[in-house]
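Chain and residue survey
Single-letter residue listing:
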Amino acid sequence: MRRNGPPGLTGDRHWRGSARLAVSCAVAFAALSLLIDWDAGTLTPSRTALWLALSTAAFVVLLPPRVTAGPGWLAVRGTLRRHTVRTDALVTVRQLGDVSAHLVLRDARGRRLELDPRVLGANPLLWHELDTGVRRSLDRGTLRQGADLLERLGREIDDTNARAVLKESGLS
């Protein structure tokens, strides 16, 4: 999805909704905690600051990382840092965990990022950018570990997307 960025920029199309949810939860938590404290007659400036700090912490925890991609690169921006790898110069791709699995990508320059594979499944354009970069890495011979993992993930994403298309068209 392009949004007033450089040509070829692709981003997570569900990020804005998730960010709005994080803001809503943090605001609701702040409002309710301040209202309950005020109703109990115990609201002081220091307690107000405490509730606002806790609401801010809830927002930071709930805000999902923003994933963007372009020709030959993939970036994940959290609340404090941005990690970028060259997808056309990947060296390793690993999976951490089983239940809440994360992909760990490392490029030839030693840069590393972690990514939830569900983001790729929900955003075919992001998957396409990563897949194109992986193919270039394979052609160049830089990708030494994880090609089979990405191939399996690609099959899962393609199967899921095909089922969704068939369901939407009424063919399944």
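Higher on the page you've got the structure.
Residues numbered from 1 in each chain as written. Predicted model: local features only at pLDDT ≥ 70, side-chain atom pairs only at ≥ 80, totals over all residues. Heavy atoms only, no water.

Counting across every chain of the model gives 8 salt bridges. A salt bridge links Arg 118 to Asp 116, with the shortest nitrogen-to-oxygen separation between them at 2.7 Å. Judged by relative accessible area, Arg 118 falls into the exposed class, the value being 63%. When its relative accessible area of 18% is taken as the criterion, Asp 116 is described as buried. Of the charged contacts, one joins Glu 151 and Arg 155 as a salt bridge, the two residues approaching to 3.1 Å between their closest N and O atoms. Linking Glu 151 with Arg 155, this pair stays in helix H5 (residues 147–169), spanning 4 residues, or about one helical turn. (Salt bridge = Lys/Arg side-chain N within 4 Å of Asp/Glu carboxyl O. Buried < 20%, exposed > 50% of the residue type's maximum accessible area, 1.4 Å probe, protein only. Helix = DSSP H or I, 4+ residues; strand = E, 2+ residues; numbered from the N terminus.)

In this section: the sheet that holds strand E6 (residues 102–107). Spatially, the 3 strands line up as an open sheet ordered E5-E6-E7, and their pairing is antiparallel. Bordering the open sheet on either side are strand E5 (90–96) and strand E7 (112–115), each of which pairs with just one other strand. On average, each strand axis in the sheet is tilted by 20° relative to the strand beside it, whichever way the strands run. (Pairing = 2+ DSSP bridges. Axes fitted to C-alpha atoms, helices over the stretch in contact; angles between N-to-C directions.)

The subject of this paragraph is the packing of helix H1 (residues 15–40) against helix H2 (residues 45–62). Between H1 and H2, the shortest axis-to-axis distance is 8 Å and the interhelical angle comes to 160°. Classified by the interaxial angle, the pair formed by H1 and H2 is roughly antiparallel. In this structure, H1 crosses over H2, and the sense of that crossing is right-handed. Counted together, Ala 22, Val 23, Cys 25, Ala 26, Phe 29, Ala 30, Ser 33, Leu 34 and Asp 37 of H1 and Arg 47, Thr 48, Trp 51, Leu 52, Leu 54, Ser 55, Phe 59 and Leu 62 of H2 form the full contact between these two elements. Residues that form the contact of H1 with H2 fall into these classes: 12 nonpolar, 3 polar and 2 charged. (Parallel < 35°, antiparallel > 145°, perpendicular 65-115°, else oblique. Left-handed = near helix turned anticlockwise from the far one by under 90°. Contact = heavy atoms within 4.5 Å. Nonpolar A, V, L, I, M, F, W, Y, C, P; charged D, E, K, R; others polar.)

Without other data, these values stay purely geometric and don't point to any function.
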